[in-house]
Amino acid sequence: MPAVTADTLTLPRIRKLNDSDVRWRPVTGIVTAHRQLEGEGFEVRRPFPNAQLAMADPFLLLDHLGAVEYAPGEAKGAPWHPHRGFETVTYMIDGAFEHEDSTGHGGLITDGATQWMTAGAGILHSELPPQDFVARGGLFHGTQLWVNLPAAAKWNPPTYQGIGPDDVTLVSSDDGGALVRIIAGELDGQKGPGSTYTPITYLHATLSRGSRLTLPWPEAFNAMVYVLSGEGYAGHDPVPLNEGQLAVFGPGEAIDIRARDVQAAPQQDKWDILVLGGLPIGEPVARYGPFVMNTREEIVQAFEDFRSGKPATITPRDRPHLSTADSAAPTRD
Ligand code: MN
């Protein structure tokens, strides 16, 4: 896949952890993503929120788009809709999304680029595959992560960070068997480009068959691994973890994961995963559809504000209507 790649032998290495005196984080749960339609009707796999895992403070939602091979005319996205109270992080591996928002920012997200949108007090945006991609069809694969904002930052003006493929920080496992892309936050002293209100670490790692990846991880952060493709094991006491599954880790100081020696799909020789964790915000969460606030009253206010055309940056001429799909999405509740 055209995520950013490199010869791991040329990269800085994550320090080797000593097996005997590390407090490894245990695996406390495995969540299988459920499938769900979003936007104009494209399917995502969503490990959370769901019945097993309501949220993963400070994260609110993780969507895995594809990998899917679209026929010509088939690719879909999410036309104009609002958000308030959190940040969306869109990471595209294959295919592309074209982003436009009510602050005038926009751009093409493709080939390992990340787009970081802080909705804050309010924004409208459109996330659509570009017309030439729709016409041609092709492989489409990406993720969208929602990161909550603390109450003190929910009313900040919206901001936008475009993170190009070359901006991502690349490191390798201590033996060179795994490539790790740091999209945001810090890993073993190396910093990624994404800047967040709430401290998080967000990685995309590619492990060769049979290779092991150990990661020092801040004790105050939660920790999760989600599988984009392939098969492996999570934990120092290994638990199988395959495509579309999320491992939730308990307390400790490091994460231990390993790719299976033999992958079931013959063309699959890698295990591709997201590793994510952050400092829990620990505040009440009221969420409905595209809004995530602290109280029910603030959710009601959000619907009223967007119906009446606030925030002020949105002029009546270009103010799109709330799509019923978004305003009524009950599973995001
Ligand atoms: Mn959106």
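Residues numbered from 1 in each chain as written. Predicted model: local features only at pLDDT ≥ 70, side-chain atom pairs only at ≥ 80, totals over all residues. Heavy atoms only, no water.

Peer 1: Outline the pattern of salt bridges, supporting the account with residue identities and numerical values.
Peer 2: On inspection of all chains with the given rule, the structure shows 13 salt bridges. Two residues, Arg-46 and Glu-38, come together in a salt bridge whose shortest N-O distance is 3.1 Å. Judged by relative accessible area, which is 8%, Glu-38 ranks as buried. Linking Asp-63 and Arg-46 is a salt bridge whose minimum nitrogen-to-oxygen distance equals 2.6 Å. Of this pair, Asp-63 sits in strand β4 (residues 59-70) while Arg-46 sits in strand β3 (residues 42-48), placing them 17 residues apart in sequence. Using a relative accessible area of 4% as the deciding quantity, one classes Asp-63 as buried. A single salt-bridge network, built from bridges that share partners, covers Asp-19, Arg-212 and Asp-256. (Salt bridge = Lys/Arg side-chain N within 4 Å of Asp/Glu carboxyl O. Buried < 20%, exposed > 50% of the residue type's maximum accessible area, 1.4 Å probe, protein only. Helix = DSSP H or I, 4+ residues; strand = E, 2+ residues; numbered from the N terminus.)

Peer 1: Account for the coordination of the manganese ion, with residues named and values stated.
Peer 2: Looking at the manganese ion, the protein donor atoms are His-81 (NE2), His-83 (NE2), His-125 (NE2) and Glu-127 (OE), and they sit 2.1 to 2.5 Å from it. All donors of the manganese ion come from a single chain, and their spacing in sequence reads H-x1-H-x41-H-x1-E. Here the residue His-81 occupies a position in strand β5 (residues 78-83), and Glu-127 occupies one in strand β10 (residues 123-128), the gap between them amounting to 46 residues. Accessibility classification places His-81 together with Glu-127 in one group, the buried group. (Donors = N, O, S within 2.8 Å, 3.2 Å for Na, K, Ca; no water.)

Peer 1: How would you explain unusual backbone geometry if you had to name every residue and give the values?
Peer 2: Put simply, Asp-57 and Pro-58 share a cis peptide bond, and its omega is 15°. Mapped onto the fold, Pro-58 is located in the loop between β3 and β4. Residue Gly-66 is joined to Ala-67 through a cis peptide bond whose omega torsion reads 0°. Checked against the element boundaries, Ala-67 lands in strand β4. The backbone of Asp-111 sits at a positive phi, close to 55°, despite the residue not being glycine.

Peer 1: So what about the sheet that holds strand β9 (residues 114-118)? Which residues, and what values?
Peer 2: Reading across from one edge, β2-β3-β4-β11-β6-β9-β12 is the order of the seven strands in this open sheet, with antiparallel pairing throughout. Strand pairing shows two members of the sheet lacking a second neighbour, β2 (34-38) and β12 (159-163), which therefore form its edges. In this sheet, adjacent strand axes meet at a mean angle of 20° when their direction is disregarded. (Pairing = 2+ DSSP bridges. Axes fitted to C-alpha atoms, helices over the stretch in contact; angles between N-to-C directions.)

Peer 1: Would you mind going over the pairing of strand β13 (residues 169-172) in detail, with residue names and values included?
Peer 2: The side-chain alternation of β13 yields two buried faces, one formed by Thr-169 and Val-171 and the other by Leu-170 and Ser-172. Linking two consecutive strands that pair antiparallel, namely β13 and strand β14 (residues 178-184), is a turn of five residues; a positive phi of about 80° is found at Gly-176 within it.

Peer 1: Tell me about the side chain of Gln-263, and name the residues and values.
Peer 2: The topology assignment puts Gln-263 in the loop between β23 (254-259) and β24 (270-278). For Gln-263, a relative accessible area of 7% gives the class buried. Reaching out from Gln-263, the side chain makes a polar contact with the backbone nitrogen of Glu-231 at a distance of 2.6 Å. Engagement of the side chain of Gln-263 in a polar contact is seen with the backbone oxygen of Arg-260, the distance being 3.3 Å. Not counting residues up to four positions away in its chain, the partners in contact with Gln-263 are Arg-209, Gly-230, Glu-231, Gln-268, Lys-270 and Trp-271. (Polar contact = N/O pair within 3.5 Å; in protein donor to acceptor, adjacent residues only side chain to side chain. Contact = heavy atoms within 4.5 Å.)

Peer 1: Before we move on, can you summarise the sheet that holds strand β17 (residues 200-208) with the specific residues and values?
Peer 2: Read across the open sheet, the seven strands follow the order β1-β22-β19-β24-β17-β14-β13; overall the sheet is antiparallel. The open sheet terminates on both sides in strands that have one partner only, identified here as β1 (27-32) and β13. Strand after strand, the sheet turns through a mean of 20° between neighbouring axes, direction not considered.

Peer 1: Describe the packing of aromatic side chains, listing the residues and the values that go with them.
Peer 2: For the structure shown, the criterion picks out eight aromatic pairs. A centroid spacing of 5.8 Å and a plane angle of 50° characterise the contact between Phe-133 and Phe-140, whose relative ring orientation is tilted. Taken individually, Phe-133 and Phe-140 each receive the classification buried, so the pair is uniform in this respect. Grouped by ring-pair contacts, the aromatic residues Phe-42, Tyr-70, Phe-97, Phe-133 and Phe-140 constitute a single cluster. (Phe/Tyr/Trp six-rings, centres within 6.5 Å; stacked < 30°, edge-to-face > 60°.)

Peer 1: So what about the nonpolar core? Which residues, and what values?
Peer 2: Core analysis: the largest hydrophobic core is formed by 31 residues, its most contacted members being Phe-48, Phe-59, Leu-145, Tyr-202, Met-224 and Leu-246. Broken down by secondary-structure element, the contributors of at least two residues to this core are β4, β6 (86-94), β11 (138-148), β14, β17, β19 (223-229), β22 (245-249) and β24. Contact partners of Phe-59, with chain neighbours within four places excluded, come to Phe-48, Leu-145, Trp-146, Val-147, Ile-200, Asn-222, Met-224, Leu-276, Gly-277 and Gly-278. Judged by nonpolar contacts, the second largest core, of 26 residues, contains Val-225, Ala-234, Leu-241 and Ala-247. (Core = buried A, V, L, I, M, F, W, Y, C linked by side-chain atoms within 4.5 Å.)

Peer 1: Got a sec to walk through the pairing of β17? Specific residues and values, please.
Peer 2: Taken across its nine residues, β17 has eight buried, putting it largely inside the fold. Pairing of β14 with β17, which is carried by six bridges, proceeds in the antiparallel orientation. Counterpart to Val-180 in the pairing with β17 is Ala-205. In terms of strand pairing, β17 meets β24 through nine bridges, oriented antiparallel. The residue of β24 that forms the bridge with Ala-205 is Ile-273.

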